[in-house]
Amino acid sequence: MDNLNELYRETDLQEREIKNLVRQVEELRNAIKTKSAGPNECAEVANLSTENIKLNHRLAILQSAIVKEMSKGKKDSSKMESIQEILTSLFSTAISSAFPDLVDAPTVIALSKDPQFGDYQCNSAMGIANTYKKLGKALAPRVIGSKILECVPAHPLIANMTVAGPGFVNVFLDKNYGVNILTDIFEHGVLPPPIDRKQKVLVDFSSPNIAKEMHVGHLRSTIIGESVCRLLEYLGHDVKRINHVGDWGTQFGMLIAHLQDKFPDYITKSPPIGDLQSFYKESKKRFDEDEEFKKRAYACVVKLQAFDPDYSKAWQLICDVSRREFQKVYDRLDITIEEKGESFYQSRMEKVVKELDSKNLLELDDGRKIMWADGINIPMTIVKSDGGFTYDTSDMAAIKYRIDEEKMDWLIYVTDVGQATHFDLVFNCAKKAKILDNTKRVDHVGFGVVLGEDKKKFKTRSGDTVRLIDLMDEGLKRSLDKLMENGRDKVLTPEELKSAQESVAYGCIKYADLSQNRIGAYVFSFDKMLEDKGNTAVYLLYAYTRIKSIARNANFTSEKIKELAKTTSISLDHEKEWKLGKTLLRFPDVLIKISSDLYLHHLCEYVYEVCTNFSEFYDNCYCIEKDSSGDIIKVNVGRILLAEATALIMAKCFHILGLKPVSRM
């Protein structure tokens, strides 16, 4: 490992030197063009160009050494490897070696659309040809492709390569490589690809408001945020899940005043607030219609902000009722999250305002204190004209706390796309204030609204927002109806039927959300969610159950499968076996892509592709052969191992997506 790190350091140094040389060459060439350079400068250009070629050659040697070192080091590794990253590294080395005079030449690796043209393609030749054309040098793309192929270092991943058309390098994967990687799953499990470094990540999601029930609007943030956390945890990061609840503000004045009137003995006797939503509506009605009540409500806010014990107790009681209701939703959806609401940042807001003031970043505007970000024509309101703080202040204080005190490397905020401008402003102001810098990553994971089947915002028939708890109850009812319609109540025990009901109900709600490109709105339809064909949770869960039944029908236990994997190779000889095997090998690439763009529908598309390719394999390749009387006459162990490897990778996908498969459905 030390040797590999040293190679990386030396490679980085060489790349910086090359970029510096290219800059110098460009400056001298520009001087020659403007005729401000003499013969000495022309000679210097030639010398620098020669030095650049030498450095590029040295860089190619270093990159080749890295590839060899990685190959040696990963023989004992139990982690699945990213094929895309391996090929990118191999072809980057080849391009640097074949064309040492080019800097930052493109390395374009893509999946092949037609298996007869390989499994992957390097499509860099056209880009390199265009680069040379700009430099006044003609080089045919096909010639470039051939030169690249000649320089690709040997690797156990690659069985064969050919050049086709205008320089496309077709790459055929080695089946033995696939057999070794997939067989390793039975010994070590489905382990994630290695990451560059473990990061401390904070994911801010769900964020309901105290004293209001969670509704369908909170569904997407909660589901997407949970899956983002599961993905990053699986990859090996240290993830903190934060619920930035709305537990502070002027609305608590009216709630406390209403509590005092309705339950005057609340300090000594816990009030039986069953329906907090109704309680909130009652207090809001009084606030809007009763001027005397409104004055009392404002007075209650002042007392609360002064941390008066009786008012703090009232606030705590209201918060606790909400928390219990939130937790019911989180338990049913299998969500893990830690609350740290707006109230936590009250003292820190005062500090951040002082810091921004001391850096001369605030300006007065009609009594407000505002802050501008570079290049954005909307300011943040840091202090209101009445001296109060805003969401802007709270978010700035939260970022500062998360970076300075919690030492986070990466912050992720999961909210609707309507807040994209707000977070762009917050991130840029934090950078301007030197709270954030380029060593930290920040992402706003935005999502569209949930629509009803009428393509309008999802509401109840009476026009109210749909409560999340009601939505889940409806899901349970419909999933049970679906299972009974298929006669599952006649073959499953009551416990198995309940597990299947919950698996389908909550799985279909989550998957219908995650399978969409999160930026767009999506139509919420139980009928479509519960279809057992196409890219739905029901289809995937049924497919998984069927796959798991194959080994069971052969009387293979999990222990026996592990033992068989030590002596029997996974079968990848048949065309459909190999097609499925190659799909399974792409699992690390899908995870790496999602960790970059945080779009979880890529994983849904992948697991659906695994299922469809498994169906093709199962229809063409018998795992268990029986005679006319139904007795087993042959068990194809290699194929059963392939089916089990498929189930293991699907189970990992399900875990990230928050789906709970069952052994019998």
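Quick caveat, the model's predicted, so the values are computed rather than measured. (Residues numbered from 1 in each chain as written. Predicted model: local features only at pLDDT ≥ 70, side-chain atom pairs only at ≥ 80, totals over all residues. Heavy atoms only, no water.)

### Considerations on the sheet that holds strand S3 (residues 158-164)
Then comes step 1: The antiparallel open sheet is built from four strands, whose spatial order is S1-S2-S4-S3. The sheet is open, and its two edges are formed by strand S1 (109-111) and S3, each paired on a single side. With strand direction ignored, the average angle separating the axes of adjacent strands in the sheet is 25 degrees.
Then comes step 2: Sheet topology places S1 next to strand S2 (residues 120-122); three bridges connect them, and they run antiparallel. (Pairing = 2+ DSSP bridges. Helix = DSSP H or I, 4+ residues; strand = E, 2+ residues; numbered from the N terminus. Axes fitted to C-alpha atoms, helices over the stretch in contact; angles between N-to-C directions.)

### What about the pattern of salt bridges?
Note on pairing: side chains with opposite charge can pair once their charged atoms come close.
Then comes step 1: Applying the stated criterion to the full structure yields 45 salt bridges.
Then comes step 2: The residue Glu289 makes a salt bridge to Lys285 at a minimum N-O spacing of 3.1 Å. Here the residue Glu289 and the residue Lys285 both occupy positions in helix H9 (residues 276-289), the gap between them amounting to four residues, near one helical turn.
Then comes step 3: We note a salt bridge from Asp357 to Lys369, for which the minimum N-O separation is 2.9 Å. Note that Asp357 is positioned in helix H12 (residues 346-358) and Lys369 in strand S9 (residues 368-371), a separation of 12 residues in sequence.
Then comes step 4: Residue Asp357 is classed as partly exposed on the basis of its relative accessible area of 32%.
Then comes step 5: One salt-bridge network, in which partners are shared between bridges, spans Glu226, Arg230, Glu233, Arg241, Asp334 and Lys660. (Salt bridge = Lys/Arg side-chain N within 4 Å of Asp/Glu carboxyl O. Buried < 20%, exposed > 50% of the residue type's maximum accessible area, 1.4 Å probe, protein only.)

### Let's talk about the packing of H12 against helix H13 (residues 391-405)
Then comes step 1: Look at H12 against H13: their axes get within 9 Å of each other, and the N-to-C directions meet at 90 degrees. Classified by the interaxial angle, the pair formed by H12 and H13 is roughly perpendicular. Contact with H12, carried on its side by Arg348, Met349, Val352, Val353, Glu355 and Leu356, involves Thr393, Ser394, Met396, Ala397, Lys400, Tyr401 and Glu405 of H13 and no other residues of that element.
Then comes step 2: Split into classes, the residues belonging to the contact of H12 with H13 amount to seven nonpolar, two polar and four charged. (Parallel < 35°, antiparallel > 145°, perpendicular 65-115°, else oblique. Contact = heavy atoms within 4.5 Å. Nonpolar A, V, L, I, M, F, W, Y, C, P; charged D, E, K, R; others polar.)

### Observations regarding the nonpolar core
Then comes step 1: Within the largest apolar cluster, 166 residues are counted, with the highest numbers of intra-cluster contacts made by Leu87, Phe91, Ile412, Phe524, Phe587 and Leu603.
Then comes step 2: By residue number, the principal contributor to this core is helix H23 (residues 637-657), which donates 13 residues.
Then comes step 3: Setting aside anything within four residues of it in sequence, one finds Phe587 in contact with Met80, Val190, Tyr234, Leu603, Tyr606, Ile649, Lys652 and Cys653.
Then comes step 4: Among the nonpolar cores identified, the runner-up in size contains 34 residues, and Met371, Tyr401, Phe427 and Leu436 belong to it. (Core = buried A, V, L, I, M, F, W, Y, C linked by side-chain atoms within 4.5 Å.)

### Description of the packing of helix H7 (residues 216-235) against helix H21 (residues 587-597)
Then comes step 1: The contact between H7 and H21 brings their axes to 11 Å, and the two run at 120 degrees. The angle between H7 and H21 falls in the class oblique. For the element pair H7 and H21, the recorded crossing hand is left-handed. Residues Leu231, Leu232, Tyr234 and Leu235 of H7 pack against Phe587, Leu591, Ile594 and Ser595 of H21.
Then comes step 2: When the residues that make up the contact of H7 with H21 are grouped by side-chain class, the tally is seven nonpolar, one polar and no charged. (Left-handed = near helix turned anticlockwise from the far one by under 90°.)

### Things to note about the pairing of strand S12 (residues 441-447)
Then comes step 1: With respect to burial, S12 is a largely interior element, six of its seven residues being buried.
Then comes step 2: Pairing between strand S11 (residues 410-416) and S12: seven bridges, direction parallel. Following the sheet pairing, Tyr413 is matched in S12 by His444.

### Section: H21
Then comes step 1: Inspection of H21 places Phe587, Pro588, Asp589, Val590, Leu591, Ile594 and Ser595 among the buried residues, and these make up the whole buried set.
Then comes step 2: Trailing H21 by a residue or two, Leu598 shows a phi angle of about 60 degrees, which is positive.

### Observations concerning unusual backbone geometry
Then comes step 1: In the Ramachandran plot, Ala211 falls in the positive-phi region, its phi being about 75 degrees despite a non-glycine side chain.
Then comes step 2: As for its position among the elements, Ala211 is in the loop between strand S5 (200-204) and H7.
Then comes step 3: With a relative accessible area of 0%, Ala211 lands in the buried category.
Then comes step 4: Of note, the phi angle at Lys407 is positive, near 60 degrees, even though the residue is not glycine.
Then comes step 5: Along the chain, Lys407 falls in the loop between H13 and S11.
Then comes step 6: Look at Lys407 and you get exposed, because its relative accessible area is 51%.

### Quick word on the packing of aromatic side chains
Then comes step 1: Under the definition given, this model contains 18 aromatic pairs.
Then comes step 2: On the basis of an interplanar angle of 70 degrees and a centroid distance of 5.9 Å, the ring pair of Tyr539 and Tyr608 is categorised as edge-to-face. Here the residue Tyr539 occupies a position in helix H18 (residues 537-553), and Tyr608 occupies one in helix H22 (residues 601-620), the gap between them amounting to 69 residues.
Then comes step 3: In this structure Tyr608 comes out as partly exposed when scored by relative accessible area, which is 26%.
Then comes step 4: An aromatic cluster is built from Tyr234, Phe587 and Tyr606, whose rings are joined through pairwise contacts.
Then comes step 5: Directly above the aromatic system of Phe344 lies the positively charged group of Lys340, at a separation of 4.9 Å from the ring centroid.
Then comes step 6: The cationic tip of Arg518 hangs over the ring face of Tyr599; the distance from NZ or CZ to the ring centre is 3.9 Å. (Phe/Tyr/Trp six-rings, centres within 6.5 Å; stacked < 30°, edge-to-face > 60°. Lys NZ or Arg CZ within 6 Å of the ring centre and 35° of its normal.)

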